[in-house]
Amino acid sequence: MHIHDGLLDTPVCLVTGGISLAAVGYSVHRLKDSLADRTVPMTGMVAALVFAGQMINFPVTAGTSGHLIGGVLAARLLGPWAGCLALTLVLFVQKFLFNDGGLLALGPNVLHMAVIGSLGGYAIQSAVARLAGDTIRGRVIGVVVASWFTVMAAAVLCSIEFAISQATNPDFQLGSFLALMMLFHSLIGIGESLISGGVIRFVATRRPELLYNPPASSGRPWRRTLAAGLATAVVVALLLSPLASSAPDGLEAAVQHSGLRADETPSLSLFGGYDQVLGDDGWESWSVVLSGLIGTLVVFGIALVLGRPLETTPNPAPGAPRG
Amino acid sequence: MADPIPSPPRVVSVAALLKLGASLGIVLLACSLSWDSWPAAGALLAVTFAALAIAGFTLKALARRLTLFLPVTTLVAISIPLSQGFTASWMQLAGTVIIRGAVSFLAGLWLIRVLPFDSLLSTLYALRLPAVVVASLAMMHRYLFVLWEETSRLRVARKARCLGRQNRIAQWLAGIGMVGMLVIRSLDRGHRIHRAMLARGWDGHIRPWP
């Protein structure tokens, strides 16, 4: 899973590095509130543990082995913010002590394993565990599902980053590369799920007090998460949209190659295209950025409205008076 | 009330910064190489080899490290023509990935040799990296080798208990149990360390070393 220098272009590494820096910086900011407790020793210890866990390879297919990534595991043991920091430390030490992974590629590696693995993984496992019930079984199911999805999400993001690095190459087919990446990583994801789920089940049945329990929050518990998610989406839209390839996408390329022609029907779109929001007189680049921003905000608003009916209130503590 | 133990001054080591900058510069140059610019790649490789030789790397040690690195990078590079077709341009692109990766890898090896980890930590602290990050990093570095020994002991114990070849399912179950036991042991150790830190006056205020 570790990307070495030379695979991705420097601008892609710098942009992903910026996103990673923002996410890790926010995690550290959140941890400052809990400095007086066990954050430092436990983060250091779990980081060392994930490092050791990554050394144990498991057979995947004939001649191929995989190893634990540990983002979801760290988030389940420490919480999302300390988990993200722990995985970042693992990647940092792997680079600066053992020369594993790249120096410029530290940004994308942190984004794939620490940010998606811990922050994304924690969000997925919390959502799944809420649906499956707050039992050992529910927690294990949450970890299993989150582990597989984070590995796949990292593989998809890595493919997109590589495609952006190949933006000047019109022959590059993202679909083929993506298919190959997803094929291998779906197997690795199964391994990650089995290990993470198995380990969490092992710990939850023997020493459940060692698992992370989120502090009880009052008011709207998802407000900060929503704000962080929106901020990340906006940063991605603003920074990555100007780097988008102008080559046709998979469907357009297939239509062009096959000689098919779409029927010319009047368009109901508000804007003529992504690059025509501010007109087409030299403002194309800024139009693309603005389109990314508008699209992100609109999709976020729709998701917020549609998600309201799914909002649940936390269960009262056992023994607490009801009503 | 004023902190009775003030933090040490944050003095940046110029030598450490230069080493970091030189390594980053070589990686940046390597990542800008293309298949056509092979003379520049050769020159960069020569400079990196010279720096490694001055740093005291033997040819045998370098060969050992490259033997571990090159197959993995080649496998990644081969995935490009594997998905796009084995044409001349895709083979050249795969070759470029290998050359870029190899030069960057050698630059990383040089950095590790000339900038020990404690110097790196001091530099990070001097560069005003948050104290919680530097302290957690130091803690991780301290216990990395302890846990590695613990892992080795667990592996030896597993081998001693399981004579003969195991089937794949048994290997997986044993591996999961081993990582689970490692989690419990390391978290217990983390709790003990935390209690020891409290006994020595830990109040959450990080006072890094100079």
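Residues numbered from 1 in each chain as written. Chains lettered and ligands numbered in written order. Predicted model: local features only at pLDDT ≥ 70, side-chain atom pairs only at ≥ 80, totals over all residues.

**Here's the deal with the overall build of chain A**
The number of helices and strands found in chain A is 10 helices and 2 strands. If you list the helices and strands of chain A from N to C, you get α-α-β-β-α-α-α-α-α-α-α-α. Taking all 323 residues of chain A together, 40% fall into the buried category. Restricting the contact set of chain A to residue pairs at least 6 apart, pairs at least 24 apart contribute 73%. (Helix = DSSP H or I, 4+ residues; strand = E, 2+ residues; numbered from the N terminus. Buried ≥ 20, exposed ≤ 12 C-beta atoms within 10 Å, placed from the backbone. Contact = placed C-beta atoms within 7 Å.)

**Details of the overall build of chain B**
Tallying secondary structure elements over chain B gives 7 helices and 0 strands in all. Mapped from its N terminus to its C terminus, chain B presents α and β elements in the order α-α-α-α-α-α-α. Here chain B holds 210 residues, and 29% of them are scored as buried. Look at the contacts in chain B between residues 6 or more apart in sequence, and 75% of them connect residues 24 or more apart.

**Quick notes on the domain arrangement of chain B**
You can read the domains of chain B as domain 1 (14-115) and domain 2 (120-199). The distance between the C-alpha centroids of domain 1 of chain B and domain 2 of chain B comes to 31 Å. (Domains from an automatic or database assignment.)

**Points about unusual backbone geometry**
Not every positive phi belongs to a glycine, and Asn-99 of chain A is a case in point at roughly 55°. Mapped onto the elements, Asn-99 of chain A comes out in the loop between α4 (80-98) and α5 (106-132). Taking the C-beta count within 10 Å as the criterion, Asn-99 of chain A has 23 such neighbours and is therefore assigned buried. In this model, Arg-128 of chain B sits at a positive phi of 65°, which is unusual for a non-glycine residue. Structurally, Arg-128 of chain B can be placed in the loop between α5 (117-126) and α6 (131-161).

**Remarks on the packing of helix α2 (residues 39-55) of chain A against helix α7 (residues 168-199) of chain B**
Closest axis-to-axis distance for the α2 of chain A/α7 of chain B pair is 9 Å, and the angle between their directions is 155°. Between α2 of chain A and α7 of chain B, the crossing angle belongs to the class labelled roughly antiparallel. Note that α2 of chain A runs across α7 of chain B; the crossing there is right-handed. The residues of α7 of chain B that touch α2 of chain A, namely those facing Pro-41, Met-42, Met-45, Ala-48, Leu-49, Ala-52 and Gly-53 of chain A, are Val-179, Leu-182, Val-183, Ser-186, Leu-187, Arg-189, Gly-190, Ile-193, His-194 and Met-197 of chain B. Classifying every residue of the contact of α2 of chain A with α7 of chain B gives 12 nonpolar, 4 polar and 1 charged. (Axes fitted to C-alpha atoms, helices over the stretch in contact; angles between N-to-C directions. Parallel < 35°, antiparallel > 145°, perpendicular 65-115°, else oblique. Left-handed = near helix turned anticlockwise from the far one by under 90°. Nonpolar A, V, L, I, M, F, W, Y, C, P; charged D, E, K, R; others polar.)

**Here we look at the confidence of the model for chain A**
Per-residue pLDDT for chain A has a mean of 77; in total, 63% of the residues score no lower than 70. Below a pLDDT of 50 lies the segment residues 312-323 of chain A, which in the model reaches 2 contacts outside its immediate sequence neighbourhood of four places, other chains included. (pLDDT = per-residue confidence, 0-100.)

**Details of the nonpolar core**
Val-46, Ala-48, Val-50, Leu-85 and Ala-86 of chain A are the most contacted members of the largest nonpolar core, which has 113 residues in total. Among the elements that make up this core, the one with the highest residue count is helix α4 (residues 88-114) of chain B (14 residues). (Core = buried A, V, L, I, M, F, W, Y, C linked by C-beta atoms within 7 Å.)

**Concerning the interface of chain B and chain A**
Listed as interface residues are 58 residues of chain B and, on the opposing side, 55 residues of chain A. The element that contributes the greatest number of residues to the side of chain B that touches chain A is α7 of chain B, accounting for 18 residues. Looking at the side of chain B that touches chain A residue by residue, the class counts come to 33 nonpolar, 21 polar and 4 charged.

**Some remarks on the confidence of the model for chain B**
Averaged over chain B, the pLDDT score is 83; the fraction of residues at 70 or greater is 89%. Both scores are given for the predicted complex: the pTM is 0.75, the ipTM 0.82.

**Regarding helix α2 (residues 38-54) of chain B**
Each turn of an α-helix holds 3.6 residues, which means side chains three or four residues apart point in the same direction. All names here are of chain B. Over its 17 residues, α2 runs 24 Å from end to end, which matches the ideal 24 Å to within 8%, given 1.5 Å per residue. Buried residues of α2: Ala-41, Leu-44, Thr-48, Ala-51 and Leu-52, and no others. Down the axis, α2 shows its buried residues gathered within 100° of arc, on one side only. Opposite the buried face of α2, at more than 90 degrees from it, the exposed residues are Pro-39, Gly-42, Ala-43, Ala-46, Ala-50 and Ile-54. Where α2 is buried, its residues meet α1 (14-31), α3 (59-84) and α4. Positive phi shows up at Gly-56, right after α2, with a value of about 95°. (Expected span 1.5 Å × (residues − 1). Arc of directions from axis to C-beta.)

**Side note on the environment of Gly-198 of chain A**
Relative to the assigned elements, Gly-198 of chain A resides in helix α7 (residues 174-206). Spatially, the C-alpha atom of Gly-198 of chain A lies 9.3 Å from that of Val-143 of chain A, the residues being 55 residues apart in sequence. Apart from the residues lying within four places of it in its own chain, the contact partners of Gly-198 of chain A are Ile-176 and Gly-180 of chain B.

**Points about the packing of α5 of chain B against α6 of chain B**
Residue and element names in this part refer to chain B. Packing of α5 against α6 brings their axes to within 10 Å, and their N-to-C directions diverge by 170°. In terms of orientation, α5 lies roughly antiparallel with respect to α6. For the pair α5 and α6, the contacting residues are Phe-117, Leu-121, Leu-124 and Tyr-125 in the first and Val-134, Leu-137, Ala-138 and His-141 in the second.

**Comments concerning the environment of Thr-88 of chain A**
Residue and element names in this part refer to chain A. With respect to the helices and strands, the residue Thr-88 is situated in helix α4. For Thr-88, a count of 27 C-beta atoms within 10 Å translates into the label buried. Separated by 64 residues in the primary sequence, Thr-88 and Val-24 have C-alpha atoms spaced 7.8 Å apart. Setting aside anything within four residues of it in sequence, one finds Thr-88 in contact with Val-24, Val-110 and Ala-114.

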